[in-house]
Amino acid sequence: MDEKKTLYSAIQPTNNLTIGNYVGAITNWLKLQEEYDCYFAIANMHAITVRQDPAELRRKTLDLLALYIACGIDPAKCCLYVQSHVPAHAELCWVLNTFTYVGEMERMTQFKDKSARHAENVNMGLMDYPVLMAADILLYQAQYVPVGEDQRQHLEIARDIAQRFNNAYSPTFTVPEGLFLKVGAKINDLQDPQKKMSKSCENPNGSIFLSDDKDTVIRKFKRAVTDSGSEIKYDPENKPGVSNLLTIYSVFAGKSISEAEADFSGKGYGDFKLAVGETVADRLAPLRAEQARLIADKEYLDSVLKAGAERAAHTAGRTLSKVYKKIGFYQI
Ligand code: ATP
Ligand code: LTN
């Protein structure tokens with residue numbers, strides 16, 4: 001039998017996940033776990049690049065694990081683990097820092113955005129974020145990295161760093177490729193449909209959180225910004241609000257964009273928004289119930305994390321020791 005290819009992705013345990021994270025990340029992982037050797041991490045080391053409340057960070061780590069499992073990510077098939085449980089991430093990040101230029105990091109879109117949003121705390125970690133992400137991916141020799149559009153630039157840098165290192169020594173790292181999907185790769189903010197929906201946005205009405213109850217989901221969709229005119233047509237240039245709602249509906253109802261358009265032909269914006277809200281709310285309810293059941297079983301969640309950390313540390317350790325040999329770190 002062919003060896004399965006390796007796939008790596010991670011989410012930060014910050015805030016509550018939005019349907020953007022769910023669609024852009026987790027639902028894809030479900031299919032991928034059948035085909036690839038998957039590592040799915042909880043990126044708590046990335047999370048602290050923005051100040052976190054310690055008790056909340058701890059709680060959200062388990063919340064996110066429970067959500068992965070509730071969504072159908074199977075710990076028997078994938079390695080689920082917490083980034084800080086595998087010290088090799090910080091260790092490789094340090095080495096890769098010496099293969100990364102300050103100028104490159106200053107030019108990263110996310111760094112510029114987050115520096116503006118957190119002007120009081122533009123810390124070194126925030127700038128180093130892409131290098132830690134490169135370390136995550138390269139440690140596991142991942143061929144594929146499924147992420148949303150917003151991570152494209154970070155993935156490019158991870159590839160550049162891998163190639164730089166390979167060229168300076170000899171082939172050491174697999175050069176990873178991003179897996180970006182077309183529909184749903186970017187879900188936009190309901191209040192500002194030119195902007196991606198984000199779990200840390202200022203206006204909570206713009207994001208649908210997986211933790212929102214049915215009434216909240218429907219209320220937020222009813223208030224969603226639509227566009228001038230009254231036609232329900234997919235046209236992201238001229239009708240960003242309606243197009244975003246059509247994307248959300250098509251993903252949650254499991255239909256194509258043209259089927260989604262057909263469902264609402266001749267209907268008004270009010271009916272449309274209500275139908276999208278109901279479709280989303282009905283899909284989220286069972287997920288939330290299963291997540292709550294798992295959170296109550298801390299012993300089980302801890303056992304998943306322990307097994308995950310052992311497996312991840314084993315793979316990561318092999319890459320790290322290769323790197324240490326190549327760069328000339330004396331081994332004992
Ligand atoms: P933050 O607001 O805290 O920066 P975020 O909502 O952007 O967080 P991340 O933790 O950075 O979320 O991303 C987790 C995953 O979800 C990534 O693969 C990212 O590409 C994907 N993702 C995030 N937002 C969206 C979105 N609006 N549409 C599609 N995918 C998304
Ligand atoms: N920065 C990523 C989360 C992340 C990640 C990774 C994704 C951290 N390490 C490694 C893919 C591979 C984000 O989605 N915001």
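Please refer to the structure placed before this passage.
Here the residue numbers are simple positions, counted from 1 along each chain's written sequence. Lettering for chains starts from A, numbering for ligands starts from 1, and both go in the order in which the items are written. Totals for whole chains, interfaces and linings use all residues, but because this is a predicted model, local features are given only for residues with pLDDT of at least 70 and pairs of side-chain atoms are given and counted only at 80 or more. To get the side-chain values, take all heavy atoms of the structure and skip hydrogens and water.

## Some points on the overall build of the protein chain
Okay, so step 1: Put simply, DSSP H or I for four residues or longer makes a helix, DSSP E for two residues or longer makes a strand, and each gets a number counted from the N terminus. Within the protein chain, the secondary structure is distributed over 13 helices and five strands.
Okay, so step 2: Our radius of gyration is a C-alpha quantity, and the globule rule it is checked against amounts to 2.2 Å times the number of residues to the power 0.38. What you see for the protein chain is a C-alpha radius of gyration of 21 Å, in line with the 20 Å of a compact globule of 332 residues.
Okay, so step 3: Seen through its principal axes, the protein chain has C-alpha atoms that stretch 70 × 45 × 45 Å.
Okay, so step 4: Looking at the protein chain as a whole, 52% of its 332 residues are labelled buried.
Okay, so step 5: The contact definition used throughout considers only heavy atoms, calling two residues in contact when any of these lie within 4.5 Å. For the protein chain, the share of sequence-separated contacts (at least 6 apart) that also reach a separation of at least 24 residues comes to 75%.
Okay, so step 6: Per-residue and other accessible areas follow the Shrake-Rupley method at a 1.4 Å probe size, with only the shown protein chains counted as cover for residues. Surface exposure of the protein chain reaches about 15600 Å², of which carbon and sulfur atoms provide 51%.
Okay, so step 7: Charged side chains of the protein chain number 40 positive and 42 negative; the gap between the two group centres comes to 1 Å. Between buried and exposed lies partly exposed: a residue is buried under 20% and exposed over 50% of the maximum accessible area for its type, with that area taken using a 1.4 Å probe on protein chains only. Charge assignment: positive for Lys and Arg, negative for Asp and Glu; neither His nor the chain ends contribute. In this description, the location of a charge corresponds to atom NZ of lysine, CZ of arginine, CG of aspartate or CD of glutamate.

## Regarding the packing of helix α1 (residues 19-35) against helix α12 (residues 269-295)
Okay, so step 1: Every axis in this analysis is a line fitted to C-alpha atoms, fitted for helices over the stretch in contact. Angles between the N-to-C directions lie between 0 and 180 degrees. Two elements in contact, α1 and α12, have axes separated by 13 Å at closest approach and are oriented at 70°. The angle between α1 and α12 places the two elements in the roughly perpendicular class. Of the two elements, α1 crosses α12, and the hand of that crossing is left-handed. Contact residues: Ile19, Tyr22 and Thr27 in α1; Val280, Arg283, Leu284 and Leu287 in α12.
Okay, so step 2: Its residues placed into classes, the contact of α1 with α12 shows five nonpolar, one polar and one charged. Note on angle classes: values under 35 degrees are labelled roughly parallel, values over 145 roughly antiparallel, values of 65 to 115 roughly perpendicular, and the remainder oblique. Helix crossings are classified by the rotation of the near helix relative to the far one: an anticlockwise turn of less than a right angle makes the crossing left-handed, while a clockwise turn makes it right-handed. Gly is put with the polar residues, along with every residue not named as nonpolar or charged; the nonpolar set is Ala, Val, Leu, Ile, Met, Phe, Trp, Tyr, Cys and Pro, and the charged set is Asp, Glu, Lys and Arg.

## A word on the site of ligand 1
Okay, so step 1: Whether a residue is near a molecule or strand is decided by its heavy atoms; if any one of them lies within 4 Å of it, the residue is near. Lining the immediate surroundings of ligand 1 are 21 residues, of which Asp150, Ile187, Lys196, Ser198 and Ser200 lie closest.
Okay, so step 2: Identification of polar contacts relies on pairs of N or O atoms within 3.5 Å, with a donor-acceptor requirement for protein atoms, meaning one able to donate a hydrogen and the other able to accept it, and with residues adjacent in sequence counted only if both atoms are side-chain atoms. Glycine 20 places a main-chain nitrogen or oxygen 3.2 Å from a nitrogen atom of ligand 1.
Okay, so step 3: Serine 198 is positioned such that a nitrogen or oxygen atom in its side chain is 2.5 Å from an oxygen atom of ligand 1.
Okay, so step 4: Contact with the protein chains covers 96% of the free accessible surface of ligand 1, which is 600 Å².

## Overview of the environment of leucine 294
Okay, so step 1: Of note, leucine 294 is situated in helix α12.
Okay, so step 2: In contact with leucine 294, not counting residues within four places along its chain, are Ala66, Ile69, Ala70, Tyr300 and Leu301.

## Digging into the environment of valine 323
Okay, so step 1: Inspection of the secondary structure puts valine 323 in helix α13 (residues 298-327).
Okay, so step 2: Accessibility expressed as a relative area gives 0% for valine 323, which makes it buried.
Okay, so step 3: For the pair valine 323 and leucine 96, spaced 227 residues apart in the sequence, the C-alpha separation amounts to 9.9 Å.
Okay, so step 4: Every residue in contact with valine 323, bar those within four places of it in the chain, is listed here: Leu92, Val95, Phe165, Thr172 and Phe173.

## A word on the side chain of aspartate 63
Okay, so step 1: Counting through the fold element by element, aspartate 63 comes out in helix α3 (residues 54-70).
Okay, so step 2: On the basis of relative accessibility, which here comes to 15%, the residue aspartate 63 falls in the buried class.
Okay, so step 3: In terms of polar contacts, aspartate 63 uses its side chain to reach the side chain of arginine 59, at 2.9 Å.
Okay, so step 4: Among residues more than four places away in sequence, those in contact with aspartate 63 are Gln291 and Ile295.

## Some points on the nonpolar core
Okay, so step 1: The criterion is simple. A nonpolar core is a set of buried Ala, Val, Leu, Ile, Met, Phe, Trp, Tyr and Cys residues joined through side-chain atoms within 4.5 Å. Ranked by internal contacts, the top residues of the largest apolar core, which has 56 residues, are Ile19, Ile26, Tyr68, Phe221 and Val280.
Okay, so step 2: Sequence-distant contacts of tyrosine 68, that is, excluding residues within four places in its chain, are made with Ala10, Ile11, Ile26, Trp29, Phe40, Ala41, Ile42, Ile73 and Leu80.

## Here we look at the side chain of serine 207
Okay, so step 1: Take serine 207: it is sitting in the loop between β5 (177-179) and α9 (214-222).
Okay, so step 2: Reaching out from serine 207, the side chain makes a polar contact with the backbone oxygen of serine 198 at a distance of 3.0 Å.
Okay, so step 3: When sequence neighbours within four positions are dropped, the list of residues in contact with serine 207 reads Thr18, Asp189, Met197, Ser198, Cys201, Asp212 and Lys220.

## What about the state of the cysteines?
Each disulfide consists of a covalent bond between the sulfur atoms of two cysteine residues.
Okay, so step 1: Two cysteine sulfurs form what is called a disulfide whenever their separation falls within 2.5 Å. Following the criterion strictly, the structure yields zero disulfides and no others.
Okay, so step 2: The thiol sulfur of cysteine 71 is not disulfide-bonded, and the nearest other cysteine sulfur, from cysteine 78, lies at 12 Å.
Okay, so step 3: Cysteine 79 carries a free sulfur, and the closest cysteine sulfur to it, the one in cysteine 78, is 8.7 Å from it.
Okay, so step 4: Look at cysteine 79 and you get buried, because its relative accessible area is 1%.

## Observations concerning the pairing of strand β1 (residues 6-11)
Okay, so step 1: Counting buried positions along β1 gives five out of six residues, so the element sits mostly inside the fold.
Okay, so step 2: Should DSSP find at least two bridges between two strands, the strands are regarded as paired. Summarising the sheet, β1 and strand β2 (residues 37-42) pair through six bridges and their orientation is parallel. By the bridge assignment, serine 9 is partnered in β2 with phenylalanine 40.
Okay, so step 3: A crossover gets the label right-handed when its path from the first strand over the helix to the second runs clockwise, viewed with the strands pointing away from the viewer. Once you follow β1 into α1 and on to β2, the crossover reads as right-handed.

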